[in-house]
Structure formats: structure tokens, C-alpha cells
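Architecture and fold: a report
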Amino acid sequence: MPAEKNQVESLDVPEDFYERIEHDIRARIAARLSFAHHVVDLGCGSCELARFLARENAQHVVGVDIYGSGFSEEPGGQGSVECREADARRLEFIYDDSVDAALSAHALHEMQEPLEVLREARRVLRSGGEILVVDFPRDSLAQRLWNESYLTPTEVVELLRKAGFTDVECRLIAQGQLIWAEGRKGPAGKEMA
Ligand SMILES: C[S@@+](CC[C@H](N)C(=O)[O-])C[C@H]1O[C@@H](n2cnc3c(N)ncnc32)[C@H](O)[C@@H]1O
């Protein structure tokens, strides 16, 4: 049996681990992004997290998903939510330098050209704006449950840096079952190579 499979199978977390931590992770994301007025959620799925942010933080959130058929109808509270069916590689409907925070939750690994998505996220962020990527890492419980092609923390860091973000930080949270990565759009001319 390959070593990788052994590692995944020996994980000491229950199968419903991600459901158990969902509430806490949402709250953590909302707290981290509470500074922002305008947020874009890339690969927003049902747009529930976008609506949660609008309720919790009274933010204006644009949720973008390439499959727009499953957007929820929950109210967005004091903020506003716009769910758009669009490819996160091409956010033509969002101006340059207009967004305070970009979020991608559990979605970067599904995107065909994640570097293009991150470059586009950087384009729409204002100078000093921040990106937050939360995703399942390779060899995590997610690998055992859904067996998709997940990124490693190192790969996420490389992508964020290649996309031009500065102050890139990445760590594993939730007993190693999630990647939490952050970056900033620095002033013009301060991009990383
Ligand atoms: C696992 S879901 C995560 C949904 C949501 N963010 C959450 O946390 O529950 C990943 C989503 O990414 C979307 N997606 C994949 N590629 C995309 C792209 N290029 N542009 C926009 N959305 C994309 C998929 O349609 C899917 O809804």
C-alpha cells in the first residue's frame, strides 16, 4: 500500500469532522474579514457563506460561482449579497481596485487555473486589500472522503506569491484538516516575482 494512502487512512478525526467545525470556521472567516466593506467570494457555491458575512458583518458581498444554479435565497441581513454565475478567472463586472477582501473557501482546488483566479482577485482588490484562501489540503480527511486533487500549503503559498500577493502567510488549522492562507495586495511596484 502506498505511504500516502496509509497517512490518509490513519487520520485521527471522525468522518463528520468538517460538518462539526463548519460553524466555527465560518465565524473565524467572518472575524478575519470583518475589516472589509466590499468582499468577493470566489467559488461561492450556494452563496450561503456570502449571506452569512452579510448578516454577521453587514458587508456587501459578491459571490461568484461558475455554476449558478444552486444559489440560496436566505436573507443577507444588513449587508447585501449579489450572487453571480461567472468564471472567477474573469470578473469583468468588478472594477479594478474596488474590493477590500477576496475570499475563496473550499474552492481553489476545484479551479482549473487557480493562478489566473488569484491574479484576477488581485486585480479587483484595492491596494492593501487582503485575500483569504481556506481549502482542504492534500492528504487530509477530504482526500479520504472525496479524493479530489488538493493543493499542499506550499503550493498555495507559491500560487499567491506568483499572483503578486505580498505578506503571504499560510498554516494548517483544524487539526491539520484545512489550509488557511492569507496575502495582501501591496502598493504598486511591491509585487513579488
Ligand atoms: C466545494 S465548492 C465550495 C463552495 C463554497 N465556497 C463553500 O465553502 O461551501 C467549490 C465551488 O467552486 C466552484 N468553481 C470551480 N471553478 C470555478 C471557477 N473557475 N469560477 C467560479 N467558481 C468555480 C464550483 O462550481 C463549486 O461550487
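Above this text sits the structure in question.
Another aspect to go through is the overall build of the protein chain. Tallying secondary structure elements over the protein chain gives six helices and seven strands in all. Listing the helices and strands of the protein chain from first to last along the sequence gives α-α-β-α-β-β-β-α-β-α-α-β-β. Taken against the 2.2 N^0.38 rule, which gives 16 Å for 193 residues, the C-alpha radius of gyration of the protein chain at 16 Å falls within 12% of a compact globule. Overall size of the protein chain, expressed as C-alpha extent along the three principal axes, is 50 × 40 × 30 Å. Taking all 193 residues of the protein chain together, 51% fall into the buried category. Nonlocal contacts in the protein chain, meaning residues at least 24 apart in sequence, comprise 65% of its contacts between residues at least 6 apart. Just so you have it, the protein chain exposes about 9,700 Å², and 46% of that area is on carbon and sulfur atoms. One way to put it: in the protein chain the 22 positive side-chain charges average out to a point 5 Å from where the 35 negative ones average out.

Before going further, it helps to spend a moment on the site of the ligand. In the vicinity of the ligand, 14 residues are found, and the nearest of them are G43, D65, A88, A105 and H106. With respect to the ligand, the side chain of D87 contributes an N or O atom lying 3.0 Å from a nitrogen atom. One nitrogen or oxygen atom from the main chain of A88 is found 2.8 Å from a nitrogen atom belonging to the ligand. Look at the ligand: alone it shows 600 Å² of surface, and the protein chains cover 79% of it. Here the ligand occupies the largest pocket.

All right, on to the side chain of K185 then. Tracing the chain through its elements places K185 in the segment after β7 (178-184). A distance of 2.9 Å separates a polar atom in the side chain of K185 from the backbone oxygen of R122. Among the polar contacts made by the side chain of K185, one reaches the main-chain carbonyl oxygen of R123 at a distance of 3.4 Å. Discounting residues that sit within four places of it in the chain, K185 has contacts with D97, R122, R123, L125, R126, S127, G128, G129 and F165.

Taken as a whole, the largest pocket spans an internal volume of roughly 890 Å³. Listed by contribution, the elements that provide at least two residues to the lining of the largest pocket are α2 (17-32), β1 (38-42), α3 (48-57) and β2 (60-65). Element by element, the count of residues in the lining of the largest pocket is highest for α2, at seven residues. Class assignment for the residues of the lining of the largest pocket results in 19 nonpolar, six polar and 11 charged.

On to the sheet that holds strand β6 (residues 166-173). Neighbouring strands of a sheet are bound in pairs by backbone hydrogen bonds; such pairs are parallel or else antiparallel. Read across the open sheet, the seven strands follow the order β3-β2-β1-β4-β5-β7-β6; overall the sheet is mixed. Each edge of the open sheet is held by one strand with a lone partner, namely β3 (80-85) and β6. Going across the sheet, the axis of each strand differs from the next one's by a mean of 15°, ignoring polarity. As paired strands, β1 and β2 are joined by five bridges and run parallel to one another. Counterpart to D41 in the pairing with β2 is G63. In the packing of helix α4 (residues 114-124) onto the sheet, contacts are made with β1, β4 (99-105) and β5 (125-135), and the angle to β5 comes to roughly 145°. Along the sheet, helix α6 (residues 153-162) contacts β5, β6 and β7; its crossing angle with β6, the most-contacted strand, is approximately 160°.

This part covers the side chain of H109. Looking at the element boundaries, H109 is found in the loop between β4 and α4. Residue H109 is classed as buried on the basis of its relative accessible area of 11%. A polar side-chain atom of H109 sits 2.8 Å from a polar atom in the side chain of D135. A distance of 3.3 Å separates polar atoms of two side chains, one belonging to H109 and the other to E148. Residues contacting H109, with those up to four places away along its chain left out, are D135, F136, E148, S149, Y150 and L151.

On to α3. Listed in full, the buried residues belonging to α3 are L49, A50, R51, F52, L53 and A54. Summarising the contacts, the buried residues of α3 are in contact with α2, β1, β2, β3 and β4. Positive phi shows up at A58, right after α3, with a value of about 50°.

The rules behind the values
Residues numbered from 1 in each chain as written. Predicted model: local features only at pLDDT ≥ 70, side-chain atom pairs only at ≥ 80, totals over all residues. Heavy atoms only, no water. Helix = DSSP H or I, 4+ residues; strand = E, 2+ residues; numbered from the N terminus. Rg over C-alpha atoms; globule rule 2.2 N^0.38 Å. Buried < 20%, exposed > 50% of the residue type's maximum accessible area, 1.4 Å probe, protein only. Contact = heavy atoms within 4.5 Å. Areas by Shrake-Rupley, 256 points an atom, 1.4 Å probe, with all protein chains shown as cover. Lys, Arg positive; Asp, Glu negative; His and termini not counted. Charge placed at Lys NZ, Arg CZ, Asp CG, Glu CD. Near = heavy atom within 4 Å. Polar contact = N/O pair within 3.5 Å; in protein donor to acceptor, adjacent residues only side chain to side chain. 1 Å grid on protein atoms, 1.4 Å probe; cavity = no way out; pocket = protein on both sides within 12 Å on 5 of 7 lines; lining within 4 Å. Sits in = over half its atoms within 2 Å of the grid points. Points joined across faces, edges and corners; volume = space filled by probe spheres on them. Nonpolar A, V, L, I, M, F, W, Y, C, P; charged D, E, K, R; others polar. Pairing = 2+ DSSP bridges. Axes fitted to C-alpha atoms, helices over the stretch in contact; angles between N-to-C directions.

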